[in-house]
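Structural overview
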Amino acid sequence: MNNQNDEWWKTQRTCSEFSHIFKGLLLGLHISGKITNQQQSVVYSGFLITYMGTPLWITAGHVIEEIEEIIQNPVNNFKCIWLDWASIPLLADIKNAFKGTLRRNNIDIGFIGINLLEFNNFKENKFTLPFNLPSNGPAVFSPQHFYLLGFPKDLQANNSYTAVCLPIEEKKYSEIKNKETLPKEKFYGKVVNFADNPDYQFRIKGMSGGPLVGVSFDIKQKRKSYSLWGIQSSILPKSRIVTVEPIENLITFLKEPDNFFC
């Protein structure tokens, strides 16, 4: 992209606007409590889907494992809320919710079941937009650009949090250095610097489980189309290459009854 006008999609201004437009596609989970006499909190990234009429919170499999570890250990003043952008936070009943993970064959997917009360509250609040996941796979769609949504840990402090939208440049497997431990059957992308503020950076840690959104623009019609493209799983910190679970892996996972009804 030699022309500055071609870089509009990865400017901080554009991403800030998209962070507001797409924030309903991101559903965070905020867990807090007192551990070893210290009040601690963490925000996990994820998103809401409906699959064959069932609402699920989707995230990375290792995120679910971390949540399970928190639940199993004694925590005083335990509190868990959904960050659905409503003025009154919605309590999350994660202790009693059914959960599942897929961690075999280098896949990193997890979910928490959403109960009827929670889902009705989401619909009533009208802030959270569930992805309606088709059982036969994603629709044919050719994104022009990709964006990663999530809650980076660097922007979490004192029970405050910030959702971000980061521009992602797709990378072929052959283009990635130090890829010996990386599987080929993934989407790979580089978190690129903002074109209008290249020195502004923060670590991506905390964004695992956030959705990768593919976006296509029709300049003449002044409209955009978007689609869920995958689930952010891991990152190579030095190169800022992210590994994303393709949405097809999620659909395959949900089709297996032993996973879905665990």
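Just so you know, these numbers come straight off a predicted model, no measurement behind them.

It is worth spelling out the overall build of the protein chain at this point. Looking only at helices and strands, one finds 5 helices and 15 strands in the protein chain. For a compact globule of 262 residues, the expected C-alpha radius of gyration is about 18 Å, and the protein chain comes in at 18 Å, within 12% of that figure. If one aligns the C-alpha atoms of the protein chain with their principal axes, the spans along those axes are about 55 × 45 × 40 Å. When each of the 262 residues of the protein chain is scored for burial, the buried share is 50%. Nonlocal contacts in the protein chain, meaning residues at least 24 apart in sequence, comprise 67% of its contacts between residues at least 6 apart. For the protein chain, the computed accessible surface area is about 14,000 Å², with 48% contributed by carbon and sulfur atoms.

Do not read the predicted coordinates in detail wherever pLDDT is low. For the protein chain, per-residue confidence averages 85 on the pLDDT scale, and 90% of positions sit at 70 or higher. Considering each helix and strand of the protein chain separately, the mean pLDDT is smallest for helix α5 (residues 257-260), with a value of 58, and largest for strand β10 (residues 145-150), with 96.

What follows concerns helix α2 (residues 61-72). Relative to the 16 Å expected for 12 residues at 1.5 Å per residue, α2 spans 17 Å between its end C-alpha atoms, a close match to the ideal helical length. Among the residues of α2, those classed as buried are G61, H62, V63, I64, I67 and I71.

Another aspect to go through is helix α3 (residues 116-125). Along α3, the positions that sit buried rather than exposed are E118, F119 and F122. One side of α3 holds all its buried residues, which, seen down the axis, span an arc of 95°. Of the residues in α3, the exposed ones pointing more than 90 degrees away from the buried face are L116, L117 and E124. Buried residues along α3 sit against β3 (47-51), β4 (54-59), β5 (76-83), β6 (90-91) and β8 (109-113). Regarding α3, its N-cap is N115, as a side-chain oxygen of that residue lies 3.1 Å from the backbone nitrogen of L117 further along. Two residues or fewer after α3 comes K126, characterised by a positive phi angle close to 65°.

Most of strand β15 (residues 241-246) sits inside the fold, with 6 of its 6 residues counted as buried. The side-chain alternation of β15 yields two buried faces, one formed by I241, T243 and E245 and the other by V242, V244 and P246. Of the strand pairs in this sheet, strand β12 (residues 187-191) and β15 are connected by 4 bridges, and their pairing is antiparallel. What sits directly across from F187, in β15, is V244. In terms of strand pairing, strand β14 (residues 223-236) meets β15 through 6 bridges, oriented antiparallel. The partner of S234 across the bridge, within β15, is T243.

What counts and what doesn't
Throughout this description, residue numbers start from 1 for each chain and increase along the sequence as written. The predicted origin of the model limits local features to residues at a pLDDT of at least 70 and limits the giving and counting of side-chain atom pairs to 80 or more, whereas totals for whole chains, interfaces and linings rest on all residues. Heavy atoms throughout the structure, all of them, feed into the side-chain values; hydrogens and water do not. Numbering of helices and strands runs from the N terminus, with a helix taken as a DSSP run of H or I at least four residues long and a strand as a DSSP run of E at least two residues long. Between the two quantities, the radius of gyration covers C-alpha atoms and the globule rule is 2.2 Å times the number of residues to the power 0.38. Each residue's exposure class comes from its accessible area (1.4 Å probe, protein chains only) as a fraction of the maximum for that residue type: buried when under 20%, exposed when over 50%, partly exposed otherwise. The contact definition used throughout considers only heavy atoms, calling two residues in contact when any of these lie within 4.5 Å. Computed with a 1.4 Å probe, the accessible areas rest on the Shrake-Rupley method; for each residue, only the protein chains presented here act as cover. pLDDT: the predictor's confidence for each residue, scored from 0 to 100. In a helix, the anticipated span is given by 1.5 Å times the number of residues less one. To be clear, the arc concerns the directions from the helix axis to the C-beta atoms. We call two N or O atoms a polar contact when they sit within 3.5 Å, provided that within protein one can donate a hydrogen and the other can accept it, with sequence-adjacent residues counted only if both atoms are side-chain atoms. For two strands to be treated as a pair, DSSP must find no fewer than two bridges joining them.

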